[in-house]
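# A structural walkthrough
For reference, the chains in residue letters:
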Amino acid sequence: MLPIVFSFAVAFLASMWLVRSSHLHARFSADSDMGGVQKFHVQPVPRVGGIAIAIALVACWGVLWFRGKAEHPYFLQMLAVALPAFASGLFEDISKRGGVLIRMASIVLSAALAWCFLGVRVLRMDVPFIDPVLAIPACSFIITVVALAGVTNALNFIDGYNGLSAAVAAIMLAGIGYVAFILSDHLVWAMAVAGIGACLGFLFWNWPRGLIFLGDGGAYLLGFWIGALVVLLVARNPQVSPWFAFLLVSYPVVETVFTMMRRVSRQSNPGLPDAAHLHQLVYKRLMRWTVGSPDPRHKVFRNSMTSPYLWLLSSLGVIPAVLLWNNTWALQCSALLFVFAYLWLYRCIIRFRAPRWLVVRSRTSRKRHR
C-alpha cells in the first residue's frame, strides 16, 4: 500500500503549496471568470491542480524505481505517453487560450503512443461480429484511440463542481485496482492505487472548500490514466470482460454522449458549453439549500454538496462492474440499466418531477414549500 500513501502525501503537499503560493502565480493560474454558464465559484481559484496530480504520480514512480520494483519502467513510459494530453490541458489552464483542436490532437497523440508502445489496445468486445474486426491492427488502433480520447474528454466534461471529477476518478480507479488485485496484476494495481492516492490528496484542498481546481490538465491526465489502465487490464487479463471497462466509466461517457446528442438535436454547437449538464441540473433543482443567500460561503457549500449526488450515480456503474467483472451478459444488462437510470433521472429533473427525497432545502425554504 506504499504507493497510495506516498502519492496521497505528495499530492496533499503539492496542492497545499499551490494554494498557499497562489498570490505568486494567480495572474496565470487563477480561474477569475465567475460569470460563465459553467462557473459556480465566488472568488478566483487556482485551476492548476493537475500539477499536484502529476507530481504525485511521478513521485510514486520514483519510489518504485528506488525500491527496484519491476513495474517502474512501464510506469515511467505511461507517464511519458500521458504528457501530451496533460501538457495541452495545462497550457489551457494557464494561458486560457488553448485551442480545442490542439487539445484534441494532443489527446489523440497520447492515445496513439499508448497503442503503439505500451500494448494499450482494445482487442475484443465479446460481440461476435465486432471481434474479428478488432483482430485487424488498423481497426484496433482506431477503436483504441477513439476510446481513450473519449474517456479522457469525458472526465473533463463532468468537471463542474468541487470534488466531482477527482472523486469520480478515485472511485473508478478503486474499481480497476480491486480487480487488478484479485488477478494479481501488480502493474495495473500499482498505477491504479497511485492514482487513487493522488486524487485523495488533491481532494483535501478541493472539496468541500474549493481552494484549488483540477483544471483541464488534471482532468485530462486522470481521464487518460483511467482509460489506459482499464483497457490495459482487459488486454492483459483475458478473463476480464471488456464490458467491465464500459460499465466502469459509464457515468462520464454516457453524460458526454448524451450531451453531444442533445446539442446536435437542438442544432447548437456540440463544442460550446451550456447549462444543461446533469450535474448543473442537480445543482439548480435538487441542491436547493440556501438558494438566493448573499453569503458566499453558502454558494460554496451548495456547490460542494452537489457532487455527492454524482458520486452515487458513478458508483451505480462501478459497483456492478466490480462485482460482475468476468460476466459479460450480466455486465451488458447492468450497462443497459445504467443508461436507463441516467435518462430517467435526467428526464425527472428537467421536468421538475424528481422524487422529493432527492431535493435538499434549507429549513426556511422547506417551511415555505409546505
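Because the structure is a prediction, the values reported are computed rather than measured.

## Structural notes on the environment of Trp225
- Structurally, the position occupied by Trp225 is in helix 10 (residues 215-236).
- Among all residues touching Trp225, those that are not within four sequence positions of it are Leu57, Phe75, Met78, Leu79, Leu173, Met191 and Gly195.
- In this structure the side chain of Trp225 is engaged in a polar contact, spanning 3.0 Å, whose partner is the backbone oxygen of Met191.

## Here we look at the pattern of salt bridges
- Taken as a whole and judged by the stated rule, the model has five salt bridges.
- Residues Asp216 and Arg47 are paired through a salt bridge, measuring 3.8 Å at the closest nitrogen-oxygen approach. With a gap of 169 residues between them, Asp216 in helix 10 and Arg47 in the loop between strand 2 (45-46) and helix 3 (49-66) connect regions that are remote in the sequence.
- Several salt bridges converge on common partners, so that one network encompasses Arg47, Asp93, Arg103 and Asp216.

## Remarks on the side chain of Thr328
- Mapped onto the elements of the fold, Thr328 is located in helix 16 (residues 328-350).
- Look past the residues within four positions of Thr328 in its chain and what remains in contact with it is Asp126, Ser241 and Trp243.

## Here's the deal with the environment of Leu324
- Summarising the element assignment, Leu324 is placed in the loop between helix 15 (307-323) and helix 16.
- For the pair formed by Leu324 and Arg263, sequence separation is 61 residues and the distance between their alpha carbons is 34 Å.
- With sequence-adjacent residues up to four places away left out, Leu324 is seen in contact with Ala330, Leu331 and Ser334.

## Thoughts on the side chain of Arg262
- Its place among the elements puts Arg262 in helix 12 (residues 250-265).
- Judged by its relative accessible area of 6%, Arg262 is buried.
- Ignoring sequence-local partners within four residues, the contact set of Arg262 consists of Asp274, Ala276, His277 and Tyr346.

## Section: empty space enclosed by the protein
- Overall, the coordinates contain one cavity of 30 Å³ or more when judged by the stated rule.
- Every residue lining the largest cavity is listed: Val151, Ala154, Leu155, Met172, Gly223, Ile226, Val249, Pro252 and Val253.
- Among the elements of the structure, helix 7 (137-157), helix 10 and helix 12 are those that each provide at least two residues to the lining of the largest cavity.
- Looking at the lining of the largest cavity, the element that brings in the most residues is helix 7, giving three residues.

## Notes on the packing of aromatic side chains
- Under the defined criterion, the tally for this structure stands at 14 aromatic pairs.
- Each ring, one from Tyr342 and one from Tyr346, has its centre 6.4 Å from the other, and the planes form 25 degrees; the classification is stacked. In this pair, Tyr342 and Tyr346 are both assigned in helix 16, four residues apart and thus about one turn of the helix distant. Across this residue pair, the class does not change: Tyr342 and Tyr346 are buried.
- Taken together, the ring pairs in this structure connect Phe8, Phe12, Phe204 and Trp205 into an aromatic cluster.
- The ring of Trp115 has Arg121 sitting right over it, with the charged end atom 3.9 Å from the ring centre.
- In this structure, Arg302 is placed above the aromatic ring of Tyr283, and the distance from its NZ or CZ to the ring centre is 4.1 Å.

Conventions we followed
- Residues numbered from 1 in each chain as written.
- Predicted model: local features only at pLDDT ≥ 70, side-chain atom pairs only at ≥ 80, totals over all residues.
- Heavy atoms only, no water.
- Helix = DSSP H or I, 4+ residues; strand = E, 2+ residues; numbered from the N terminus.
- Contact = heavy atoms within 4.5 Å.
- Polar contact = N/O pair within 3.5 Å; in protein donor to acceptor, adjacent residues only side chain to side chain.
- Salt bridge = Lys/Arg side-chain N within 4 Å of Asp/Glu carboxyl O.
- Buried < 20%, exposed > 50% of the residue type's maximum accessible area, 1.4 Å probe, protein only.
- 1 Å grid on protein atoms, 1.4 Å probe; cavity = no way out; pocket = protein on both sides within 12 Å on 5 of 7 lines; lining within 4 Å.
- Points joined across faces, edges and corners; volume = space filled by probe spheres on them.
- Phe/Tyr/Trp six-rings, centres within 6.5 Å; stacked < 30°, edge-to-face > 60°.
- Lys NZ or Arg CZ within 6 Å of the ring centre and 35° of its normal.

Read these as spatial facts, not as claims about activity.
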